[in-house]
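# Chain and residue survey
One letter stands for each residue in the lines below.
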Amino acid sequence: MRAPAVRALGAGRSGDAPPKAALLDRARAAGLPVPSGLVLHPEALTWPSERVAARVAAAMPVRSVAVRSAFAGEDDTTSSGAGRFHTVLGVDTADVDAVAAAVDAVLASAGDVEDRAVVVQQMVDATRAGVAFLEPDHEDDLVDTVEGLAEDLVAGRTPGERVALPRVVAGEGTHEGWRGRLQDLLRQVRDEFGETGPGWDVEWADDGERCWLVQVRPITAPPRRDEALTLANHREILPDPPSRFMTSLIVDASPDAYGYWQRFAEDLPANRPFAEEYAGRPLLNLSLLVDTMRRLGLPTRLVTDSMGGSRAAELLPQVGLRPRRLLRHLRALVGLGIDQLRAPLTVGSTIASLDDRTRDLDGGFVATIASAREVYVELLHAMFALSTAVAGPLAVLQAFGVSAEHHARHRSAGTAVWDDLAPLRALVDEAPDRRAVVERGEVPGDPAFQREWRRFLDAHGHRGIHESDLAQPRYHEDPSPLLATLLVADRDGRPPRRTVRGLLTLPLWWQAARAIRAREQLRSGAMVAFDRLRQRMLTLAEEASVDGRLPERDAVWLCTVDELRRVDEGLHLDATHLDAVAAERDQLAALRLPDVVLRSDDPRQFAADGPPPGDRLTGLPLTAGEVHGTVWRLDAPSHATPPVDGPVVVVAPAVDAGWISTFARADAVVVETGGELSHGSIILRERGVPAVTNVAGATGLTTGQKVTVHAGTGVIDVDTD
């Protein structure tokens, strides 16, 4: 039986329609609040206009409708046609000419698209409307909203109000008013369409009593979220800034590093960076860790208190226990708990594994970097478990005020470095001539000192200052920190007296001490592997400097892992390039970052001497990238050759899908009015053009002005010379 040419939305008979219509049909059939409507299939679109209008008037129960496109290729999994084709709102179904004209206008916008359908939907008397991005990897849905209809919002003519709306599962409480109704609608969209893939771009309208689903399409270009990043974990173990090599290695390994949690819970975020470079430093994604806690149903303070302090609490949502999510993830949480309990018992096998990975390093940069990446990830996973195992008991001991008396009686691989210097310190103290040699920064050569010195280096020579950075020398290479220590008298102190509370908490301390000891043992054992990796890298760098691929051996630490992989393929990195890298790093070293920054923060605001001079505009970052170029100021799309030389920065009051050809001529785009979820913004992200939107004052720029667009931070610096 042939399917009718005009089908009601929700009848379940439009699965063969283009995606836009098929998704709406599915949603209404599933009971989601989709406004009533019709799908005009290709056969109906060949009818005379009067027949189409009469059919619409007879089938629609309301007078006012919206007539929308639903064409082949529109809103598929790789691109969005949002705003590209025509829509007519508020069409009176009793006016045959108006209905016919609306359908004709929509069809006329199709261009050469052959497979066409048209959706006719009941108009919603909206008091508030907008668009929402439902991304599986985030616990907040990004919503842009305006009062009334959202036509100007989705066209990019107004940025609207940005709201981060917490996602909910069935049974969890929601906000009041339109926010709560929207939360419930978005939950229904997830339940029906699932959470795999890129997520869903939802257009909605709220009439004061009900929140309606107007359109749903796959996300093709996610918005660039302004997440919180933390330096806290790396501040103590890495130099500031770390070597360019180590920063890039940490960022390169970050997907596998976050895999520790994904081993236990498969529904955790899968496509967000766990670490990223910011101002030459590898920062951890604190927002990701907070969302991990929220997904598992755990209190977010477990990470914000330990990794971000007061600013983290200000910037990130503070959410307590979520019982339903805990129950849903009970198996994962039990697995995490067991891993933490057994972590001290597995340190020996982890060290043996790291030893095996690095015992016979004989490949080039590619193979050595792969080994370094594996060692780093394995170490990090073990440290995650041990650190968590330590955190709970220590928090209780600190609350009882007995932590100091227990720690003072504890020794681990870390304190052994200091303790094992005692014989050397005694030798220096007993002989003024040895002290004089040490004061000159030299190692005494007499047999007694050399014997103790070799014993110490055998045990601890693989350690070093900022030892987690492979670029940093080990004690056996640079003993100057040790020699300086030998001139410092050992503190002759006794541990605090035992207290009744201390005695009563000994069982808890034994559990904590066990994990602490294992953790420090692991770090020491891992540094043996790090030392081997460092020596292999230096050997390869020496070989590369001999044949001209590197200007000198130590230049290896100014390279990224990707550059060194290419050096294996024959890439030559000259001194000029690396000198420029070194100069840039000197500038980055002058920055003083707080523990927590936002991705959009301009790093230069953290300079000791304040921000650089010059006019500055700021907005919402859409994409990453930095472009120094010349302004091409436009009020409308242009297909002409830009009237400026060099990189072109298009500056416009607003953009939409019609600017595609102009974007093709732009090296960067700056938009005065617009939101991250507007159609123009979606296209810019799809094309990967460095772009900033919602930039107040942007249209005051004129063609020919020089600007620098820092797209990733949303900053535009205007040259004043």
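This is a predicted model, so every value here is computed, not measured.

The five strands are arranged E1-E2-E5-E3-E4 in an open sheet whose pairing can be described as antiparallel. Either end of the sheet is taken by a strand with one partner, and the two such strands are strand E1 (6–8) and strand E4 (88–92). Within the sheet, the average angular offset between the axes of one strand and its neighbour, ignoring direction, is 25°. Direction of pairing for strand E2 (residues 37–40) relative to strand E5 (residues 118–122): antiparallel, over a ladder of four bridges. Bridge assignment links Leu40 to a residue of E5, and that residue is Val118.

Summed over all chains, the structure comprises twelve aromatic pairs. Between Tyr260 and Phe384, the ring centres sit 5.5 Å apart and the planes meet at 50°, which makes this aromatic pair tilted. Within this pair, whereas Tyr260 is found in helix H7 (residues 244–262), its partner Phe384 is found in helix H14 (residues 365–400), the two being separated by 124 residues in sequence. Residue classification places Phe384 among the buried positions, given a relative accessible area of 14%. Each residue in the set Tyr258, Tyr260, Trp261, Phe264, Phe274 and Phe384 is aromatic and connected to the rest through ring pairs, giving one cluster. A cation sits over an aromatic face here: Arg210 above Trp212, 4.9 Å from the ring centre.

Looking now at the pairing of strand E6 (residues 128–134). The buried fraction of E6 amounts to seven of the seven residues, a majority that puts the element mostly inside the structure. Covered by surrounding structure in E6 are Arg128, Gly130, Ala132 and Leu134 together with Ala129, Val131 and Phe133, the residues of both alternating faces. Connecting E6 to the antiparallel partner strand E7 (residues 140–147) that follows it, the hairpin turn spans five residues. The sheet contact formed by E6 and strand E9 (residues 200–206) spans seven bridges and is antiparallel. Bridge pairing in E9 links Ala129 to Ala205.

What the four strands build is an open sheet, ordered E12-E13-E11-E14; its pairing is antiparallel. Lying at the two open borders of the sheet, with one neighbouring strand each, are strand E12 (275–278) and strand E14 (596–598). Averaged over all pairs of adjacent strands, the angle between their axes in this sheet comes to 45°, without regard to strand direction. Looking at chain direction, strand E11 (residues 228–230) and E14 are connected through three bridges and run antiparallel. Following the sheet pairing, Leu229 is matched in E14 by Val597.

Counting buried positions along E5 gives four out of five residues, so the element sits mostly inside the fold. Where strand E3 (residues 64–69) and E5 come together, five bridges link them in antiparallel fashion. Among the inter-strand pairings, Arg68 is bridged to a residue of E5, identified as Val119.

Axis separation between H7 and H14 bottoms out at 9 Å; the angle between their running directions is 50°. What the angle tells us is that H7 and H14 run oblique. Both H7 and H14 take part in a crossing whose hand is right-handed. The residues of H14 that touch H7, namely those facing Phe245, Met246, Leu249, Ile250, Asp252, Ala253, Pro255, Asp256, Ala257, Gly259, Tyr260 and Trp261, are Ile369, Ala372, Arg373, Tyr376, Val377, Leu380, His381, Phe384 and Ala385. When its residues are assigned to classes, the contact of H7 with H14 shows 16 nonpolar, two polar and three charged.

Look at H14 against helix H22 (residues 506–546): their axes get within 9 Å of each other, and the N-to-C directions meet at 165°. The orientation of H14 relative to H22 falls into the category roughly antiparallel. Where H14 crosses over H22, the handedness of that crossing is left-handed. Tallied by class, residues from the contact of H14 with H22 come to 29 nonpolar, four polar and three charged.

So, on to the nonpolar core. One finds Phe245, Trp261, Phe274, Phe365, Leu522 and Leu564 to be the most contacted residues of the largest nonpolar core, which totals 74 residues. No other element matches H14, which puts 13 residues into this core. In contact with Phe245, not counting residues within four places along its chain, are Ile369, Leu470, Met537, Val556, Trp557, Cys559, Val561 and Leu564. Of all hydrophobic cores here, the second largest spans 29 residues; its members include Ala17, Val163, Leu182 and Val216.

Reading guide: rules and limits
- Residues numbered from 1 in each chain as written.
- Predicted model: local features only at pLDDT ≥ 70, side-chain atom pairs only at ≥ 80, totals over all residues.
- Heavy atoms only, no water.
- Pairing = 2+ DSSP bridges.
- Helix = DSSP H or I, 4+ residues; strand = E, 2+ residues; numbered from the N terminus.
- Axes fitted to C-alpha atoms, helices over the stretch in contact; angles between N-to-C directions.
- Phe/Tyr/Trp six-rings, centres within 6.5 Å; stacked < 30°, edge-to-face > 60°.
- Buried < 20%, exposed > 50% of the residue type's maximum accessible area, 1.4 Å probe, protein only.
- Lys NZ or Arg CZ within 6 Å of the ring centre and 35° of its normal.
- Parallel < 35°, antiparallel > 145°, perpendicular 65-115°, else oblique.
- Left-handed = near helix turned anticlockwise from the far one by under 90°.
- Contact = heavy atoms within 4.5 Å.
- Nonpolar A, V, L, I, M, F, W, Y, C, P; charged D, E, K, R; others polar.
- Core = buried A, V, L, I, M, F, W, Y, C linked by side-chain atoms within 4.5 Å.

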